[in-house]
Amino acid sequence: MKKYTFLFCAPFLFLQCGSIKSQPEQTQEQTKLAFELCQLYGSDQGIRDKALSQKSRIVMPSLDSINFIKLVDFVKEHGMPNEKLVGKENYKIECVKLASFSILLHNPEKLVHNEDYYDLFLQEVQAGRMNPETLALVIDKYYWANNKNLIYGSQFGKPCLKDKTEVNQKRNILGLKDLDDEDFKICD
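Residues numbered from 1 in each chain as written. Predicted model: local features only at pLDDT ≥ 70, side-chain atom pairs only at ≥ 80, totals over all residues. Heavy atoms only, no water.

Enquirer: Explain the side chain of Arg171 to me, using residue names and the numbers behind them.
Expert: Counting through the fold element by element, Arg171 comes out in helix H11 (residues 164–174). Buried within the structure, Arg171 lacks any salt-bridge partner; its nearest side chain of opposite charge belongs to Asp178, at an N-O separation of 6.1 Å. Engagement of the side chain of Arg171 in a polar contact is seen with the backbone oxygen of Lys177, the distance being 2.8 Å. In contact with Arg171, not counting residues within four places along its chain, are Tyr152, Gly153, Leu176, Lys177, Asp178 and Leu179. (Helix = DSSP H or I, 4+ residues; strand = E, 2+ residues; numbered from the N terminus. Buried < 20%, exposed > 50% of the residue type's maximum accessible area, 1.4 Å probe, protein only. Lys, Arg positive; Asp, Glu negative; His and termini not counted. Salt bridge = Lys/Arg side-chain N within 4 Å of Asp/Glu carboxyl O. Polar contact = N/O pair within 3.5 Å; in protein donor to acceptor, adjacent residues only side chain to side chain. Contact = heavy atoms within 4.5 Å.)

Enquirer: Which residues make up the nonpolar core, and what are the values?
Expert: By size, the foremost hydrophobic cluster in this structure holds 28 residues, and its most contacted members are Phe68, Leu104, Leu111, Phe121, Leu135, Ile139 and Leu174. Among the secondary structure elements, those contributing two or more residues to this core are helix H3 (54–78), helix H7 (99–105), helix H9 (115–126) and helix H10 (132–145). When near neighbours in sequence (up to four residues on either side) are disregarded, Leu174 contacts Tyr118, Leu122, Val125, Pro132, Leu135, Ala136 and Tyr152. Phe74, Cys95, Val96 and Ala99 belong to the second largest nonpolar core, which has 13 residues in total. (Core = buried A, V, L, I, M, F, W, Y, C linked by side-chain atoms within 4.5 Å.)

Enquirer: Any details on the packing of aromatic side chains? Residues and values, ideally.
Expert: Summed over all chains, the structure comprises 4 aromatic pairs. Centre to centre, the rings of Phe68 and Tyr117 are 4.9 Å apart; their planes meet at 85°, and the pair counts as edge-to-face. Here Phe68 is found in helix H3, whereas its partner Tyr117 is found in helix H9, with 49 residues between them in sequence. For the residue pair Phe68 and Tyr117, the accessibility class agrees, reading buried in each case. (Phe/Tyr/Trp six-rings, centres within 6.5 Å; stacked < 30°, edge-to-face > 60°.)

Enquirer: Please provide a residue-by-residue account of the state of the cysteines, values included.
Expert: Note: disulfide means a covalent bond formed between the sulfur atoms of two cysteine side chains. Inspection of every chain in the model, using the stated rule, returns 2 disulfides. Disulfide pairing places Cys160 opposite Cys187 at an S-S distance of 1.9 Å. Because the torsion about its S-S bond is -80°, the bridge between Cys160 and Cys187 counts as left-handed. Pair noted here: Cys160 is in the loop between H10 and H11 and Cys187 is in the segment after H11, with a separation of 27 residues, a long-range link. In this structure Cys160 comes out as buried when scored by relative accessible area, which is 0%. Here the bonded cysteines of the protein are numbered in sequence order, and their pairing is 1-2, 3-4. (Disulfide = S-S within 2.5 Å.)

Enquirer: Tell me about the packing of H3 against H9, and name the residues and values.
Expert: Two numbers describe how H3 lies on H9: the axes approach to 11 Å, and their chain directions differ by 45°. Classified by the angle between their axes, H3 and H9 sit oblique to one another. Regarding H3 and H9, the two cross each other, and that crossing is left-handed. Seen from H3, the contacting residues are Phe68, Ile69, Leu71, Val72, Val75 and Lys76; seen from H9, they are Tyr117, Leu120, Phe121 and Glu124. Residues of the contact of H3 with H9, tallied by class, amount to 8 nonpolar, no polar and 2 charged. (Axes fitted to C-alpha atoms, helices over the stretch in contact; angles between N-to-C directions. Parallel < 35°, antiparallel > 145°, perpendicular 65-115°, else oblique. Left-handed = near helix turned anticlockwise from the far one by under 90°. Nonpolar A, V, L, I, M, F, W, Y, C, P; charged D, E, K, R; others polar.)

Enquirer: I'd love a proper account of the environment of Asn168, names of residues and values included.
Expert: Locating Asn168 in the fold gives a position in helix H11. Here the alpha-carbon distance between Asn168 and Gly153, two residues 15 residues apart in the chain, equals 9.6 Å. Residues within four places of Asn168 in sequence aside, it is in contact with Asp178, Leu179 and Phe184. Within the structure, the side chain of Asn168 is placed 2.7 Å from the backbone nitrogen of Leu179, a separation counted as a polar contact.

Enquirer: Could you give an account of the pattern of salt bridges, with specific residues and numbers?
Expert: Applying the stated criterion across every chain yields a total of 6 salt bridges. With its nearest N and O atoms 3.5 Å apart, the salt bridge here joins Arg48 to Asp44. On the accessibility criterion, Arg48 (22% relative accessible area) is partly exposed. Arg129 serves as the salt-bridge partner of Glu124, at 2.7 Å between the closest nitrogen and oxygen. By relative accessible area, which is 4% here, Glu124 ends up buried. Residue classification places Arg129 among the partly exposed positions, given a relative accessible area of 35%. A single network of salt bridges, built from pairs that share partners, joins Asp44, Arg48 and Asp64.

Now the structure itself:
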């Protein structure tokens, strides 16, 4: 039944991708890149539903890894997706705007455990093509999911006050402002 749900929903994702229009202010290359991002987003989201089947749970980590590698290749070739890269109108479309964020959020361990991947996305932050809060959030998700102390402070929670100096140093590397004492929690 889940297979049929995916087959039913997939065309709608691609129809949304098909709604990307080449407007005068957007080039064919921008539209091509936007469509590529929609395909990645469809691949990332197409397997997910509220009640994951056992097959989906088995396949999802492999699919997430494949999508991550495709995103890394995209970023290495074109840079992090943004309005300038894909065009303002294309960037307003959900599958274009959320593709990279969704894929990164499903693969935070790759940024934590692989310095090359972390460095790639740090360079995108430093070049102004990626929001530093996004990178901090993705990495904090890993620590939150593994019941470890957060290292940036994000929507996933507050870091430990005992780690204040290290946290603020890491935040500064991303170009984020220091956290004040009230932005931390007391930990053992």
